[in-house]
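What follows is the residue order along each chain.
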Amino acid sequence: MNQERIALLAQRIDDAARLARPVAQFAEAEELGGPDAYAVQSASIARRVQRGERRTGVKMGFTSRAKMVQMDVHDMIWGRLTDAMAEADGACISLGRFVHPRVEPELVFLLRRPLEGHVSLPEALEAVEAIAPALEIIDSRFDNFRFSLSDVIADNASSSGYVIGPWQDPRQDFSNLGLVMSIDGVARQTGSTAGILGHPLRSLAAAVRLSASAGEPLQSGWLVMAGGATAAETIVPGQHVLLEMQGLGRVEFNTGE
Ligand code: OOG
Ligand code: MG
């Protein structure tokens with residue numbers, strides 16, 4: 001696909017996100033393959049950076065069976081995070097800027113040094129400053145939250161918001177921590193960090209490899225979201241969302257119009 005076409009699709013998906021106005025899926029009509037889809041993602045993030053947004057890290061997608069089954073996408077993907085997606089723990093988040101938002105429970109890594117190439121799990125852990133429970137707000141820019149693998153890659157893996165709980169010491173066993181995500185006091189999803197590739201560190205190692213091969217190695221101070229441990233839940237204004245993770249604490253937000 002030529003650069004012009006990639007720029008056009010990047011503009012289309014960027015406008016959809018910026019204006020919260022969904023668009024039709026385009027991968028099939030455009031014959032968009034994986035590499036072109038990542039080129040569209042990269043170009044759409046470049047537009048955000050041009051507008052003054054700052055990169056804060058990366059997110060992994062479809063790292064749990066629960067997420068793959070829910071969305072019928074069975075390949076791991078990654079997306080780029082910016083500071084405009086950050087929301088404070090306990091905040092009231094206006095849902096007006098989203099199309100059809102959903103929330104999912106995650107674990108996030110904060111890096112204390114750069115990471116690139118092929119790393120072992122102990123090497124990946126060595127670069128981690130802290131870990132925290134996190135809630136990701138995902139929002140597809142495609143009609144009805146339906147997409148193919150290439151579509152969702154081009155749409156920056158549905159990235160739209162993240163809320164990070166209290167930072168914790170990574171030198172503890174976080175391979176199998178129970179978690180409960182509740183909405184308005186009712187448990188809606190339960191699971192374990194083991195749902196993320198058997199150990200969330202595997203997701204970090206994959207993020208290291210994928211971002212380095214894209215020529216954007218993970219940097220010191222960056223966040224890496226490990227991916228939803230359970231299926232996502234739809235959110236609407238007027239709700240309270242809470243994630244409790246065994247040993248790591250809680251993270252929450254309220255939703256507004
Ligand atoms: C794509 C994003 C996937 C995850 O954690 O698996 C993702 C989507 O489900 O819309 O964020
Ligand atoms: Mg996610």
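We now turn to the structure provided with this report.

Thresholds, definitions, all that
Residues numbered from 1 in each chain as written. Chains lettered and ligands numbered in written order. Predicted model: local features only at pLDDT ≥ 70, side-chain atom pairs only at ≥ 80, totals over all residues. Heavy atoms only, no water. Helix = DSSP H or I, 4+ residues; strand = E, 2+ residues; numbered from the N terminus. Buried < 20%, exposed > 50% of the residue type's maximum accessible area, 1.4 Å probe, protein only. Polar contact = N/O pair within 3.5 Å; in protein donor to acceptor, adjacent residues only side chain to side chain. Contact = heavy atoms within 4.5 Å. Donors = N, O, S within 2.8 Å, 3.2 Å for Na, K, Ca; no water. Salt bridge = Lys/Arg side-chain N within 4 Å of Asp/Glu carboxyl O. Pairing = 2+ DSSP bridges. Axes fitted to C-alpha atoms, helices over the stretch in contact; angles between N-to-C directions. Near = heavy atom within 4 Å. Areas by Shrake-Rupley, 256 points an atom, 1.4 Å probe, with all protein chains shown as cover. 1 Å grid on protein atoms, 1.4 Å probe; cavity = no way out; pocket = protein on both sides within 12 Å on 5 of 7 lines; lining within 4 Å. Sits in = over half its atoms within 2 Å of the grid points. Nonpolar A, V, L, I, M, F, W, Y, C, P; charged D, E, K, R; others polar. Points joined across faces, edges and corners; volume = space filled by probe spheres on them.

Looking at the side chain of S150
By the element assignment, S150 lies in helix α6 (residues 149-154). S150 gets classed as buried once you look at its relative accessible area, which sits at 13%. Engagement of the side chain of S150 in a polar contact is seen with the backbone oxygen of L32, the distance being 3.0 Å. Non-local contacts of S150, meaning those with residues more than four positions away in its chain, are made with A27, L32, G33, G34 and A37.

Some remarks on the coordination of the magnesium ion (ligand 2)
Protein coordination at the magnesium ion (ligand 2): the donors are E104 (OE), E106 (OE) and E136 (OE), at 1.9 to 2.0 Å from the metal. Within one chain, the residues serving as donors to the magnesium ion (ligand 2) are arranged as E-x1-E-x29-E. Looking at E104, the relative accessible area reads 2%, which means it is buried.

Things to note about the environment of G61
Within the secondary structure, G61 is located in strand β1 (residues 55-61). The class of G61 is buried, set by a relative accessible area of 10%. Here the alpha-carbon distance between G61 and A157, two residues 96 residues apart in the chain, equals 6.7 Å.

Some details on the pattern of salt bridges
As a working rule, side chains carrying opposite charge can pair if their charged atoms are close by. On inspection of all chains with the given rule, the structure shows 17 salt bridges. Where R48 meets E53, a salt bridge forms, and the shortest distance between an N and an O atom there is 2.8 Å. Of the residues examined, R48 reaches a relative accessible area of 14% and is grouped as buried. Judged by its relative accessible area of 16%, E53 falls in the buried class. Here R171 ties to D169 by a salt bridge, and the two come within 3.1 Å at their closest N and O atoms. When salt bridges that share partners are traced, they join R5, R12 and E30 into one network.

Section: the side chain of Q189
By the secondary structure assignment, Q189 is in strand β9 (residues 186-192). Separated by 2.8 Å, the side chains of Q189 and E233 make a polar contact. With sequence-adjacent residues up to four places away left out, Q189 is seen in contact with L179, V180, M181, T230, A231, A232 and E233.

Some thoughts on the sheet that holds strand β12 (residues 240-245)
Read across the sheet, five strands follow the order β4-β13-β12-β8-β9 without closing on themselves; strand pairing throughout is mixed. Whereas interior strands pair on both sides, the edge strands pair on one side only; in this sheet they are β4 (92-94) and β9. Taken pair by pair, the neighbouring strands of this sheet meet at an average axis angle of 20 degrees, ignoring direction. One ladder, built from three bridges, connects β4 with strand β13 (residues 249-256); its direction is parallel. By the bridge assignment for β13, S94 is matched with G256.

Describing the site of ligand 1
Near ligand 1 lie 17 residues; those nearest to it are K59, F62, E104, S158 and G228. At 2.8 Å, a side-chain N or O of K67 approaches an oxygen atom of ligand 1. Separating an oxygen atom of ligand 1 from a side-chain N or O atom of E104 is a distance of 2.7 Å. For ligand 1, the protein covers 100% of the area, taking 310 Å² as the surface of the free molecule. Taking a 2 Å distance to the grid points as the criterion, the majority of the atoms of ligand 1 fall inside the largest cavity. Those elements giving two or more residues to the shell around ligand 1 turn out to be β1, α4 (65-71), β5 (102-111) and β6 (128-138). With three residues, β1 is the single largest residue contributor to the shell around ligand 1. Here the shell around ligand 1 is built from residues that sort into eight nonpolar, four polar and five charged.

Here's the deal with empty space enclosed by the protein
Counted by the stated rule, this structure contains two cavities of 30 Å³ or more. Empty space within the largest cavity amounts to approximately 110 Å³. In terms of lining residues, the largest cavity is bounded by 18 residues, among which K59, F62, K67, I138 and A157 are the most central. Of all elements in the fold, only β1, α4, β5 and β6 reach the threshold of two or more residues within the lining of the largest cavity. For the lining of the largest cavity, the element with the highest residue contribution is β1, accounting for three residues. Residue classes in the lining of the largest cavity are distributed as nine nonpolar, four polar and five charged.

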